[in-house]
Amino acid sequence: MRKPFVFATAGLLSTGLLAVGGHAFLTRAPAQPSEPSESSEPGGSRPAPLTAPAAKVTRDGVSLAFDLTLMPRRMEAEQGSPLQALARVAVTDARTGEPLAGRRPLAWMRLRPPGEPAPDDAACKARVRSYLGGLLSAQADVDFNAYWFLTLNHDQTVSVINPQIAFDRTKLQHLVSVGGGAADWALLPDRSALYVTVPAQDTVSVVDTQRFVVTRPLRVGSQPGRIALSPDGLTAWVSNDGDGTVSVIDTPAHAVRDPVDVGPGPHAFGFSDSGRTAWVSARDATALTALDVASGEVLGRVEVGAGVTALAWSDVARALFASRPGAREVVVVDAARREVSRRIPVKGGLDALRFDNTGRWAFLVHRDTHTVDILDAASGQVAHTLTGFSAPDSVVFTDAFAYVRNTTDSRVTLVELKTLEGTGTPAQVHITAGQRPAADARELGRSDPIAPLPEGNGVIIAGNADRALFLYQEGMMAPRGTHLNYGREPRAVKVLDRSLREVEPGVFTARGSVRENGTYDVQLLLDNPRVVACLEWKVGQVPLDASLAKTLPLKLTPEFDAKRTYAPEETVPLRFRLEPTAGTGAPAVAPEEIRVLLFRTPGTWQVRTEPRRVADGVFEVDFRPPSPGQYKFVVGVEGRGLDLGRLPTSTLGVSSPLAAAVTSESTP
């Protein structure tokens, strides 16, 4: 959810409710004009959606409209899986009809059991409160507020951490093996896939971010390192550090074009002309290469000198900026004329060059001199030099602050962007993120160790040496939360945001998965003014092969004795059978698709793991409880639409040898 710490208050949930009936059936029709077109996203054209008029409610001067679009499957391989749905929430002023922009609505859908009445005010408030609590037992059937933290780890894996689950220690939901040591990564704008460069294999791994599995390796050039997306997201540009070429990937088809020779790498990328032209530098070459993004054709070259390590485009200056640390200069290139327009002297040891979101302020990070220069693109001069850093190496931005990581202590330095105007010293704040400095880790990595949060007023920080993530909200003097990374060093972090986002003033959309037909209770939560509203939406077009209402696609059968009493610190294998349900036609399940969660209730101890395969359809995990108590055994296969908790769970009793056994249970 976008901002749970704002909404989880008794004051908000005291707002009155109004239940309104929705429309009964979905019919085939074109998308509403105000909806984002599915065909406009990377991935190419899609079938016509299934849609219906919106359900509406008015409360406290605000009108809320909700509608759901079901997207037909695009390929045979999707048969038997849940349908993708696009939710649309429109927020308008009830009196004037004007859109209310900048709000933060949340939305959930819960399938109403047959015979159950529509929820009253109290029941709807309670349901919203339970969703905000993040409990496994209170998850919605369709959640339009989800986001995950992704970490690029030292051990050839990507962690998927769900910050919305209410566990104290770790919230690891998936662990994806990318097939080798990773160098860099890029998340496609439509959030459908993650590209990870694997130098030792000469490949880019494509991670499906719905199922969180590697679907294929893409063969590129030798020793791929950096990867950059074009502004439209339709191409990905890969630096082949071992052979002096770059590979271009057409992201809709995940297809690799022929490599382009640009000179010995590593390479850096920049984009001009509203993303129509790609600029590529080669560290050991003297010229920048300009290429047409659509065709990959070489448009020309600009001599700037050898040793370029970073490129950055500024809309304010309408120019490309290239850093040359060895020459102690930043070269400004007129992209239209394809010529050098200026050379700006800077200090040595330049490690990073990046513009803020406005394109005016370029931060030049100098690790060796422990300083940061701030270049004003409007004047082409260094406007400020900041000191007091500890070997800084990277910078990222929100709209309000620049975040600079220090590597020889555990501080992150915030520079307030609005104070860059004028000649005074810009305002700085130092926060401590973790106990150990980044330099204590095995390797610092090439990708950003800090990522902005979806709300835009905070960041998630990868504490690689601490093997943890630190959640920081602007205005605080320290991180407000910690997420452990299950013993792995996070070299970089990204946010995979599937929550409602504003696509035009007052209109918000998000994707979700709908598994079955029936009547759904839709809960809407608005931040300003604070409104909770319940609607009803009926779905009648989910194909039978996708409906999980009566038959789950997989059958879970525990083969361990759930009634026995387990001893603390004793390692016991828990064997279970997980096979396709007869008559569903579902394929056999692989170990890498399965996630097993073992946790103590109540308590903070938990283990998330992938089982080992014992025989066809038979799997096993080791259970080593640390202390007496009750423990839960939970299995999930999210790629088959089976989130944790949808399959039967088991309760395991653990006590000392002299204590009485704790009874066990299974819940549907």
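All figures in this text were calculated on a predicted structure; none of them were measured in a lab.

Cut-offs and rules
Residues numbered from 1 in each chain as written. Predicted model: local features only at pLDDT ≥ 70, side-chain atom pairs only at ≥ 80, totals over all residues. Heavy atoms only, no water. Helix = DSSP H or I, 4+ residues; strand = E, 2+ residues; numbered from the N terminus. Expected span 1.5 Å × (residues − 1). Buried < 20%, exposed > 50% of the residue type's maximum accessible area, 1.4 Å probe, protein only. Arc of directions from axis to C-beta. Core = buried A, V, L, I, M, F, W, Y, C linked by side-chain atoms within 4.5 Å. Contact = heavy atoms within 4.5 Å. Disulfide = S-S within 2.5 Å. Phe/Tyr/Trp six-rings, centres within 6.5 Å; stacked < 30°, edge-to-face > 60°. Pairing = 2+ DSSP bridges. Axes fitted to C-alpha atoms, helices over the stretch in contact; angles between N-to-C directions. Salt bridge = Lys/Arg side-chain N within 4 Å of Asp/Glu carboxyl O.

Caption draft 1: Examining helix α3 (residues 121–133) more closely. Helix length check: α3 (13 residues) gives 19 Å between terminal C-alpha atoms against 18 Å at 1.5 Å per residue, within 8%. Along α3, the positions that sit buried rather than exposed are C124, K125, V128, Y131 and L132. Taken around the axis of α3, the buried residues stretch over an arc of 125 degrees, which confines them to a single face.

Caption draft 2: How the structure looks around the nonpolar core. If you look at the biggest cluster of nonpolar residues, it comprises 31 residues, and the most contacted ones within it are L64, F66, L68 and F144. When residues of this core are traced back to their parent elements, those giving at least two are β4 (55–59), β5 (62–71), β6 (83–93), β7 (106–111), β43 (507–514), β44 (518–526) and β45 (531–539). Other than its neighbours up to four places away in sequence, F144 contacts F66, L68, A87, A107, M109, R498, S499, L500, A510, R511 and G512. Listed in part, the 25 residues of the second largest apolar core include A562, V572, V596 and L598.

Caption draft 3: Summary view of the state of the cysteines. Counted according to the given criterion, the structure contains one disulfide. Disulfide pairing places C124 opposite C534 at an S-S distance of 1.5 Å. The disulfide joining C124 to C534 has a torsion of about 80 degrees about its S-S bond and is therefore right-handed. Taken together, the residues span a long stretch of sequence, with C124 in helix α3 and C534 in strand β45 at a distance of 410 residues. Given a relative accessible area of 1%, C124 falls into the buried group. The class for C534 is buried, based on a relative accessible area of 4%.

Caption draft 4: Seen up close, the packing of aromatic side chains. Here the structure, examined in full by the defined rule, presents 14 aromatic pairs. Considering the side-chain rings of Y147 and F149, the 5.8 Å spacing of their centres and the 50 degrees angle between planes classify their relative orientation as tilted. A relative accessible area of 5% places Y147 in the buried class. Seen in terms of ring centroids, W148 and F212 are 5.9 Å apart; in terms of plane orientation they differ by 70 degrees. Their pairing is edge-to-face. You can see W148 sitting in strand β9 (residues 147–153) and its partner F212 sitting in the loop between β14 (203–208) and β15 (213–219), a full 64 residues away along the chain. Both residues of the pair, W148 and F212, belong to the buried class. Grouping aromatic residues by their ring pairs yields a cluster made of F560, F576, F619 and F633.

Caption draft 5: Geometry of the sheet that holds strand β13 (residues 193–198). If you trace the four strands from one edge of the open sheet to the other, you get β12-β13-β14-β15, paired in antiparallel fashion. Each having just a single partner strand, β12 (185–187) and β15 make up the two edges of the open sheet. Here the average twist between neighbouring strands, direction ignored, is 20 degrees. Across six bridges, β13 lies against β14 in antiparallel orientation. Bridging across to β14, V198 finds its partner in T203.

Caption draft 6: Here's a closer look at the pattern of salt bridges. As enumerated under the stated definition, the model contains 31 salt bridges in all. The residue E329 makes a salt bridge to R324 at a minimum N-O spacing of 2.5 Å. For the pair E329 and R324, a shared accessibility class is recorded, and that class is buried. For E421, the salt bridge is made with R360, and the minimal N-O distance between the two is 2.7 Å. Residue E421 is located in the loop between β35 (411–416) and β36 (428–432), and its partner R360 is located in the loop between β29 (350–355) and β30 (361–366); the two are separated by 61 residues in the primary sequence. Using a relative accessible area of 48% as the deciding quantity, one classes E421 as partly exposed. The exposure class assigned to R360 is partly exposed, which follows from its relative accessible area of 22%.

Caption draft 7: Molecular detail of the sheet that holds strand β51 (residues 612–615). With antiparallel pairing, four strands are arranged side by side in an open sheet as β46-β48-β52-β51. At either margin of the open sheet sits one strand with a lone partner, and together these are β46 (554–558) and β51. Here the average twist between neighbouring strands, direction ignored, is 35 degrees. Alignment of β46 against strand β48 (residues 572–580), held across five bridges, turns out to be antiparallel. Looking at β48, one finds that T557 is bridged to R577.

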